[in-house]
Structures are given as C-alpha cells and as structure tokens.
Amino acid sequence: MNIKNRNFSKMLQPELKMRRDKIRVLMAQQGIDAALITCNVNLFYTYGRVVSGYLYLPLNSPAQLFVKRPNTIEGEFVHTIRKPEQLSELIAECGLPAPQKLMLEGDELPYCEYKRLAACFPETEVVSCGTTLIRQARSVKTEMEVEMFRRSGISHAKAYAQIPSVYRPGMTDFQLSVEIEKLMRLEGCLGIFRVFGRSMEIFMGSLLAGDNAVAASPYDFALGGEGLDPSLPGGVNGTLLQTGQSFMVDMGGNFNGYMGDMSRVFSVGKLPEKAYAAHQVCLEVQEEIAATAKPGVRCEDLYDKAVKMVEKAGFADCFMGVGQKAKFIGHGIGLEINEAPVIAPRIKQELEPGMVFALEPKIVLPGVGPVGIENSWAVTGDGLEKLTLCPEEIIEL
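Residues numbered from 1 in each chain as written. Predicted model: local features only at pLDDT ≥ 70, side-chain atom pairs only at ≥ 80, totals over all residues. Heavy atoms only, no water.

> What is the right way to look at the nonpolar core in this model?
Grouped burial of nonpolar side chains is what soluble globular proteins tend to show. Among the nonpolar cores identified, the biggest contains 45 residues, and Phe315, Ile329, Leu351, Phe357, Ile363 and Leu365 are the most heavily contacted of them. Broken down by secondary-structure element, the contributors of at least two residues to this core are helix H9 (273–292), helix H10 (299–313), strand S14 (356–359), strand S15 (362–365) and strand S17 (375–379). Considering every element that reaches this core, the biggest residue donor is H9, with seven residues. Excluding its chain neighbours within four sequence positions, the residues that come into contact with Ile329 are Leu302, Tyr303, Ala306, Phe319, Met320, Ile343, Ala358, Leu359, Glu360 and Pro361. Core analysis: the second largest hydrophobic core is formed by 40 residues, Ala63, Tyr258, Leu335 and Ala378 among them. (Core = buried A, V, L, I, M, F, W, Y, C linked by side-chain atoms within 4.5 Å. Buried < 20%, exposed > 50% of the residue type's maximum accessible area, 1.4 Å probe, protein only. Helix = DSSP H or I, 4+ residues; strand = E, 2+ residues; numbered from the N terminus. Contact = heavy atoms within 4.5 Å.)

What follows is the structure, given as structure tokens:
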C-alpha cells in the first residue's frame, strides 16, 4: 500500500467505526452479541475494502478481520485464516468470549456456506438476520457516503453530456450503448453494477430504444428491454435508431462503489407532440415529489401522489411500462442499486435524513419509445437534495 492509500485508510477509520456502530445498535436491540460478515458489499461497508475472509463484529469489542486473501493486509486487528473452522479458536486467542447469539448474512450466503459457518459455533445460537440488519443500517447514509454520491453524480453528468458527440446516423441501440459505456469508463466508472438478490442481473445499465422499452423483463426494473440473448434478458436488442424514435439512457453511475442512478431521454429527430407532453408530466411528477418528500413522509403517499398526477394527465395506461408495469417509482440506492426505501404502494416506511434514493417516473409510448426522468436524491433535514445535475429535456440528435 502506497503512502497516499495508507493515509486515506487512516482517515477512513472513524467513518468505518461509525458504520459498524450503526449495526451494533441494531444488534443490541435483538440481543445479538456478535456478527460474522463475509459478503463483499458488507465487507466494503464495514471494513473499507473487499477481501476473502471474515469480519467478526462483537457488540462491545473492536472488530477483528480474519483474512484469507490478499495476504498483504496487516494491522492490530488483522489475522490470517485458512478455513472457517479456525474461527472459534482464533476468536478465543483474541481474548474474546464465544458468542452466545451470532448473526450471519442469511439472505446472501449460499445454503452450504451458511451451514458451514454456523457449524463453526456449535454452542452458539446462530440467527440469519444479518443481511436484514446490515441493509437497514446501510439505508441511512453517513455524510461521507452522501459526498460519494455527489462526486459520482458529477462524473455521471460529464459522461452523459458527451452522448450526442458519439451518435452516428444508422447506429443500432447496441452500437450506441457500447460508445456510451466507453464514455462512462473514461470518466472513471468502475463498470460493475451491483444488485441485491440473485434473481437480477444487468451489465452497467441499459439503453432502451423505441418499442424495445415495451418488452417485458423477468427482472424487477422500471423498464426492461428484450436484451441481446435469452441468457441476459434486459436492455438493448439491436434496434435500429430511427427518426421519430426516442431512447432512454439509464447507465449505473458506479464511480466509487456507490451506485448513483440517472436516466435521460434522447430522440432521433423530432418526436410526436404526445411524447413531449408525456415527458413534461414526468418532470412535473418529479418536481411535486421533490417538493413533498421530507423526513416523516411515507413512501406509499409519494407513490399515490405520482399515480394520481399521471392519471389526471391521461397517461396511466403507459406509466412505468405497458402491459407489465413496474409497481414502484423510486428505490433506495447505495452500494447496491436496490436498497431501502422503496417508493411503492403499501410501503409505510417513512423517509429519514441520510436516505438516498432514485426517483424515476417514466412513460412508454408504443411506436415512439420511452420518455421520463430519473435522478438520485438525498433526504436532508427538511427536504431533498438532487445529486445528479444534468439537463432534463429531451435532447434531439
């Protein structure tokens, strides 16, 4: 590790302790006296980097890292381990008592790995709520995390601003998507698009053109797309970009580990007037939600307000899809693209300062394509802060 990285790692330690303490508070509420963390995203959240190993988090003692790879990590609370069966012995060597109630990441670990880790603590009550508690802690961001979103938003906007420069007449959606992905990478995008849950997969994001935006997807995304192959059924499908057609760029803004989210609409030539009217409705929904959302407001109330506005405008049939519709207009973002809160019906969770979410009212017009908007927002003490600042009108190519 060079001097620059070493100094940053030292500066990060109070932040990481704050995050671990947020988890400890939730553990204490359920009588849990230790957690064993091994999934990549949760290791990054609590330790500041991804390793192959285990972070042992006692309720009232410093966290201990038991690492298999890389073998170059050193520190007061860092220990080498070859296999999980050594954990109990190594924990005892650290002067720590065996946990009475231990939580594992039950919603993320494969069944066999979960059983193997649980068997390492035969005298301990093992509970599977680790994923739930850690995601709850992660749903309210620290100021440093919000700053990561701000910085990501700047890079995201720089990439999107260059999209008109890489468009060429006669392109397919796939060809243009490749050029946009290159722009994103050149601005520093890490490329990986982290999604919670094993049932959803996507590469960097999507470009949906014309009627491909109507195509239903097996994934719980706002809009799906057919995809290029049945093995990855989402996103571009080879559609030729034609005059009078819209397309929506929705690339994940992972520039520093945090998944910023932003969608913008482009057109090849002029669109029918109905498309501009529908786009304006989405912008008005965004502005109304942004003016209404603040700490204490329930997610379901925001969703209901948006639906009523769209119904009044006459676009209910094509709001958030045609035929198969997404049943949300917003979702929490963070180290994964689908965190809490979710702006959806029957979600009574209230907004809290520090939450960060993407708001994405979108309309699909058969024969034309998608319109609408998506931005990332942070909940402040009295409202919202927009984190993705980029022109929001339909940009004609």
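> Explanation requested: empty space enclosed by the protein in the structure shown.
Any empty space left between atoms is shown by rolling a water-sized probe over those atoms. This structure, assessed with the given rule, holds one cavity of 30 Å³ or more. Size it by volume and the largest cavity reaches roughly 30 Å³. Taken together, Phe149, Ser152, Gly153, His156, Gly253, Gly260, Ser376, Leu387 and Thr388 make up the lining of the largest cavity. Counting residues per element, the lining of the largest cavity draws most heavily on helix H6 (residues 143–161), which supplies four residues. (1 Å grid on protein atoms, 1.4 Å probe; cavity = no way out; pocket = protein on both sides within 12 Å on 5 of 7 lines; lining within 4 Å. Points joined across faces, edges and corners; volume = space filled by probe spheres on them.)

> For this particular structure, what's the right way to read the layout of surface pockets?
In this model, the second largest pocket occupies a volume close to 700 Å³. Of all elements in the fold, only helix H8 (173–186), strand S7 (205–209), strand S8 (245–251) and strand S13 (339–343) reach the threshold of two or more residues within the lining of the second largest pocket. For the lining of the second largest pocket, the per-class residue count stands at 19 nonpolar, ten polar and nine charged. (Nonpolar A, V, L, I, M, F, W, Y, C, P; charged D, E, K, R; others polar.)

> Explain the side chain of Ser155 here, please?
On the secondary structure map, Ser155 appears in helix H6. Ser155 gets classed as buried once you look at its relative accessible area, which sits at 17%. If we skip the residues at most four places from it in the chain, Ser155 touches Glu187 and Phe255.

> Please explain the packing of aromatic side chains as it appears in this structure.
Remark: the centre distance and the inter-plane angle together describe each pair of aromatic rings, the angle taken between the planes. Per the stated rule, a full pass over the model turns up three aromatic pairs. Measuring from ring centre to ring centre gives 5.5 Å for Phe247 and Phe266, while their planes differ by 15°; the resulting arrangement is stacked. On the criterion of sequence distance, the pair formed by Phe247 in strand S8 and Phe266 in strand S11 (residues 264–268) is long-range, its members being 19 residues apart. Overall, the relative accessible area of 0% leaves Phe247 in the buried class. The ring centre of Phe196 lies 3.9 Å from the NZ or CZ of Arg135, which sits over that ring. (Phe/Tyr/Trp six-rings, centres within 6.5 Å; stacked < 30°, edge-to-face > 60°. Lys NZ or Arg CZ within 6 Å of the ring centre and 35° of its normal.)

> When you look at the confidence of the model for the chain in this model, what are you seeing that I'm missing?
When pLDDT drops low, the exact placement of atoms in the prediction is not to be read closely. For the chain, the mean per-residue pLDDT works out to 95, and 98% of the residues sit at or above 70. Low pLDDT, under 50, characterises residues 1–5; the predicted model gives this stretch three contacts beyond four residues in sequence or across chains. (pLDDT = per-residue confidence, 0-100.)

> I would appreciate a short explanation of H10 in the present structure.
Within an α-helix, residues lying three or four positions from one another point in the same direction, as the helix has 3.6 residues per turn. In this model, H10 (15 residues) spans 22 Å end to end at C-alpha, consistent with the 21 Å of a helix rising 1.5 Å per residue. Those residues of H10 that are buried are in contact with H9 and S13. Of the residues trailing H10, Gly314 is marked for its positive phi of about 90°. (Expected span 1.5 Å × (residues − 1).)

> I tried to follow the sheet that holds strand S18 (residues 384–386) on my own but got confused; where do I start?
Across a sheet, strands are paired by hydrogen bonds formed along the backbone, either parallel or antiparallel in direction. The strand order across the open sheet formed by five strands is S13-S12-S14-S17-S18, and the pairing between neighbours is antiparallel. At either end of the open sheet lies a strand with only one pairing partner, and these are S13 and S18. Pairs of neighbouring strands in the sheet enclose a mean axial angle of 30°, with direction left out of account. Strand contacts of H9: S14, S17 and S18, with the helix running at about 135° to S18, the strand carrying the most contacts. (Pairing = 2+ DSSP bridges. Axes fitted to C-alpha atoms, helices over the stretch in contact; angles between N-to-C directions.)

> In this structure, what is going on with the environment of Arg185? I would like to understand it.
Its location among the elements puts Arg185 in helix H8. In this structure the C-alpha to C-alpha distance between Arg185 and Ala159, which are 26 residues apart in sequence, comes to 8.7 Å. Discounting residues that sit within four places of it in the chain, Arg185 has contacts with Leu190, Gly191 and Met204.

> Got a minute to help me understand the environment of Met309 in this structure?
Looking at the secondary structure, you find Met309 in helix H10. Distance in space between the C-alpha atoms of Met309 and Val356 is 23 Å, their sequence separation being 47 residues. Ignoring sequence-local partners within four residues, the contact set of Met309 consists of Glu284, Val285 and Glu288.

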